[in-house]
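# What the coordinates show
Chain by chain, the residues run as shown.
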Amino acid sequence: MKTNDDLIDLAREALGKLGADEELFVPDSALGARSPLSGQQLFGVRQTTPDEAGEAIGRARDAFTQWRLTPAPVRGKLVKRLGELISENAETLATLVTIEAGKIRSEALGEVQEMIDVCDLAVGLSRQLYGKTMPSERPGHRLQETWHPLGVVGVISAFNFPVAVWSWNTAVALVCGDTVVWKPSELTSLCAIGCHTLLRRAARDVGAPEDVHQLVLGAREVGEIVVDDPRVALVSATGSTRMGREVGPRVAARFGRSLLELGGNNAVIMTPSADKDQAVNSIVFAAAGTAGQRCTSMRRLIVHESIADEVVAKIAAAFHTLPIGDPFESGTLVGPLVHEDAFETMQKALGRVGEIGGEVVTGGERVDTGMGGAWVRPALVRVPKQEGIMLTETFAPILYVVTYADFDEALALHNAVPQGLSSGIFTTDQTEAERYLSAEGADTGIANVNAGTSGAEIGGAFGGEKETGGGRESGSDAWRSYMRRATNTINYSGRVELAQGVNFSA
Ligand code: UN1
């Protein structure tokens, strides 16, 4: 069991190994590095002043004028080096993730693996930023589209994926020719300092301008500067729907672009033909893993009434015996909630279950680990109807169970929430699986068959619909959000030819 002093030593050692700038750590600061393990401050971190944030955006903007002209495959070399440095320092970065986000070792290492994977993807992309050519309707003409770097990308990231979400944005933005200003969650400054340090080192190693990446640290005020500055072409923000409701219109008001990854209310449909052990194991990870603090965490189970009692009993038994405790200990599966407020929010949500006639089957109680943070046993809640508190996202491990009688009803329940991030169906019935994947099926950005809601691979586009914000990051063609498109008409006919047959000669 680690004390706060142990965590301070571990954090200092990790930051030292990464070569972080010691000047960023100060005894007194409004911004404190803290750990959900101890629930206490570790040490102060120098907060970025508003003037400094503006200057950082200015440096990123200046660096952009050079970076956009660097050939994309050469830009890829920076990301390749970053991926190598992350691989070499994976254990150290994972330690910072566990200290600041409370993730168990395996999940912290998994998050770092996502960074390595997305760097690989981005390096490949650096030779594949394809544009199309289209046949022109005019003789002696050619139509094509070209993709160009967009500008400065502001990345605003959340505490729960303190390093991976940054890397999805940054690795892709950099190969696209953009520069980055990163405002991480004020809860995970040390992770951010670690990543920033490695990226600047990668830039030095390959002779790229270090200013392509800027880190600004602090709370909301610092984020607002990034949101409102017209020099920031794209704001990629991950966080709550409440946050996105402010960021989206503010960026739109200055005709900037935004890419939003907001709240989810992710469900699994479990049908009578499902492989029950496969489903239950997947559900327990999706709902209780990361202490329910992924945006992809499973919040709702929509289960056929004929198997509901059996399935609820199995999940309850699993929740009941989940090893909860020090995330550094091997064998622990559930670490702490991020802070006491998260625990209070969870208790409030559980307190409202009665309003909709629901009952807590198991869990929800505080678990005393003697470490100081807020640990909780994941809660399983049965509700007669999907309404009230079940329609909002509570960022804590609560799994609501509702039953259905026929498949149409299951699909309707699935889509009857304001959020639309991720989802899954467990079935061996091909018709059900196909209907779930079809246009009348799941309305989420991520829809899985016989797989849970969380733990997406980086190769696909990540994001969701409705109140989740509509953005797509990471793989597939998500890179397009980080570039601007120009449509080009090239006339080699030697004549004036107008489209649509228009004649304008005297
Ligand atoms: C998030 O919770 O913000 O799909 C990101 C997943 C992870 C990413 C989650 N690959 O669960």
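Residues numbered from 1 in each chain as written. Predicted model: local features only at pLDDT ≥ 70, side-chain atom pairs only at ≥ 80, totals over all residues. Heavy atoms only, no water.

Turning our attention to the domain arrangement of the chain. When cut into domains, the chain gives domain 1 (4–262 + 469–486) and domain 2 (266–461). Each of domain 1 and domain 2 has a C-alpha centre, and these two points are 29 Å apart. With 29 residues of domain 1 at the contact, the number on the domain 2 side is 29 residues. At the boundary of domain 1 with domain 2, total buried surface from both sides reaches about 2,300 Å², with 64% on carbon and sulfur atoms. Of all residues in domain 1, Leu37, Ile104 and Glu107 bury the most surface against domain 2, accounting for 24% of the area lost on that side. Listed by contribution, the elements that provide at least two residues to the side of domain 1 that touches domain 2 are helix H1 (4–18), helix H4 (90–101), helix H5 (105–125) and strand E21 (473–474). With 6 residues, the top contributor of residues to the side of domain 1 that touches domain 2 is H5. Of the residues in the side of domain 1 that touches domain 2, the class split is 12 nonpolar, 9 polar and 8 charged. (Domains from an automatic or database assignment. Contact = heavy atoms within 4.5 Å. Buried area = accessible area lost by both parts, 1.4 Å probe. Helix = DSSP H or I, 4+ residues; strand = E, 2+ residues; numbered from the N terminus. Nonpolar A, V, L, I, M, F, W, Y, C, P; charged D, E, K, R; others polar.)

In this section: helix H6 (residues 164–175). Under the 1.5 Å per step criterion, the end-to-end length of H6 is 17 Å for 12 residues, consistent within 8% with the ideal 16 Å. For H6, the buried fraction is high: 12 of the 12 residues fall into the buried class. Buried residues of H6: Ala164, Val165, Trp166, Ser167, Trp168, Asn169, Thr170, Ala171, Val172, Ala173, Leu174 and Val175, and no others. Positive backbone phi, at 95°, marks Gly177, one or two positions downstream of H6. (Expected span 1.5 Å × (residues − 1). Buried < 20%, exposed > 50% of the residue type's maximum accessible area, 1.4 Å probe, protein only.)

Here we come to the sheet that holds strand E13 (residues 359–362). What links the strands of a sheet is backbone hydrogen bonding, and the strands pair in either a parallel or an antiparallel sense. With mixed pairing, the 7 strands of this open sheet are ordered in space as E13-E14-E15-E12-E11-E17-E18. The open sheet terminates on both sides in strands that have one partner only, identified here as E13 and strand E18 (446–449). Taken over all neighbouring pairs, the strand axes of this sheet differ in orientation by 25° on average, direction set aside. Of the pairings in the sheet, the one linking strand E11 (residues 266–270) to strand E17 (residues 422–426) comprises 4 bridges and is parallel in character. Paired with Ile269 across the bridge in E17 is Ile425. (Pairing = 2+ DSSP bridges. Axes fitted to C-alpha atoms, helices over the stretch in contact; angles between N-to-C directions.)

The next subject is the sheet that holds strand E8 (residues 213–215). Spatial ordering of the open sheet is given by E8-E7-E6-E9-E10, a layout of 5 strands whose pairing is parallel. Single-partner strands in this sheet number two, and they are E8 and strand E10 (257–261). The mean angle between the axes of side-by-side strands here comes to 15°, regardless of whether they run parallel or antiparallel. As judged from the 5 bridges shared by strand E9 (residues 232–238) and E10, these two strands associate in the parallel manner. In the strand pairing of E10, Leu234 is matched with Arg257. Taken strand by strand, helix H2 (residues 50–67) contacts strand E6 (152–156), strand E7 (179–183), E8 and E9, and its axis lies near 155° from that of E7. Across the sheet, H6 touches E6, E7, E8 and E9, and the angle it forms with E6 is around 175°.

Relative placement of two packed helices is described by the angle separating their axes and the distance separating the axes. Running from N to C, H5 and H6 point in directions that differ by 15°, and their axes come no closer than 9 Å. For the element pair H5 / H6, the angle class is roughly parallel. Note that H5 runs across H6; the crossing there is right-handed. Together, Glu111, Glu114, Met115, Val118, Cys119, Ala122 and Leu125 of H5 and Ala164, Trp166, Ser167, Trp168, Ala171, Val172 and Val175 of H6 make up the contact between the two elements. A per-class count over the contact of H5 with H6 returns 11 nonpolar, 1 polar and 2 charged. (Parallel < 35°, antiparallel > 145°, perpendicular 65-115°, else oblique. Left-handed = near helix turned anticlockwise from the far one by under 90°.)

The next subject is the pairing of strand E12 (residues 298–304). For E12, the buried fraction is high: 7 of the 7 residues fall into the buried class. Here 5 bridges tie E11 to E12, and the two strands are oriented parallel to one another. If you follow Ile269 over to E12, its bridge partner there is Ile302. Once you follow E11 into helix H10 (residues 276–288) and on to E12, the crossover reads as right-handed. Here E12 pairs with strand E15 (residues 398–404) via 5 bridges, running parallel. Its bridge partner lying in E15, Arg300 is registered against Tyr400. (Right-handed = clockwise from strand over helix to strand, strands pointing away.)

A separate point is the site of the ligand. Every residue near the ligand is listed here: Glu114, Asn160, Phe161, Trp168, Arg294, Cys295, Thr296, Ser454, Gly455, Ala456 and Phe462. Within the side chain of Glu114, an N or O atom sits 2.6 Å from a nitrogen atom of the ligand. Taking Arg294, its side chain carries an N or O atom lying 2.9 Å from an oxygen atom of the ligand. The residue makeup of the shell around the ligand, split by class, is 5 nonpolar, 4 polar and 2 charged. Formed jointly, the shell around the ligand draws a minimum of three residues from each of two domains, domain 1 (4–262 + 469–486) and domain 2 (266–461). (Near = heavy atom within 4 Å. Polar contact = N/O pair within 3.5 Å; in protein donor to acceptor, adjacent residues only side chain to side chain.)

Take the packing of aromatic side chains next. Pairs of aromatic rings are described using the distance from one ring centre to the other and the angle between the two planes. Across all of its chains, the model carries 5 aromatic pairs by this definition. For the pair Trp147 and Trp479, a centre-to-centre distance of 5.2 Å together with 70° between the ring planes defines the contact as edge-to-face. In this pair, Trp147 sits in strand E5 (residues 141–149) while Trp479 sits in the loop between E21 and strand E22 (483–491), placing the two residues 332 residues apart along the sequence. Both residues of the pair, Trp147 and Trp479, count as buried. Look at Trp166 and Trp182: their rings are 4.9 Å apart centre to centre, the planes differ by 20°, and that puts the pair in the stacked class. Placement of the pair is Trp166 in helix H6 and Trp182 in strand E7, with a sequence separation of 16 residues. Overall, the relative accessible area of 0% leaves Trp166 in the buried class. Between Arg12 and the ring centre of Phe43, over which it is positioned, the NZ or CZ distance is 4.5 Å. The ring of Phe343 carries Arg366 above its face, with NZ or CZ at 4.1 Å from the centroid. (Phe/Tyr/Trp six-rings, centres within 6.5 Å; stacked < 30°, edge-to-face > 60°. Lys NZ or Arg CZ within 6 Å of the ring centre and 35° of its normal.)

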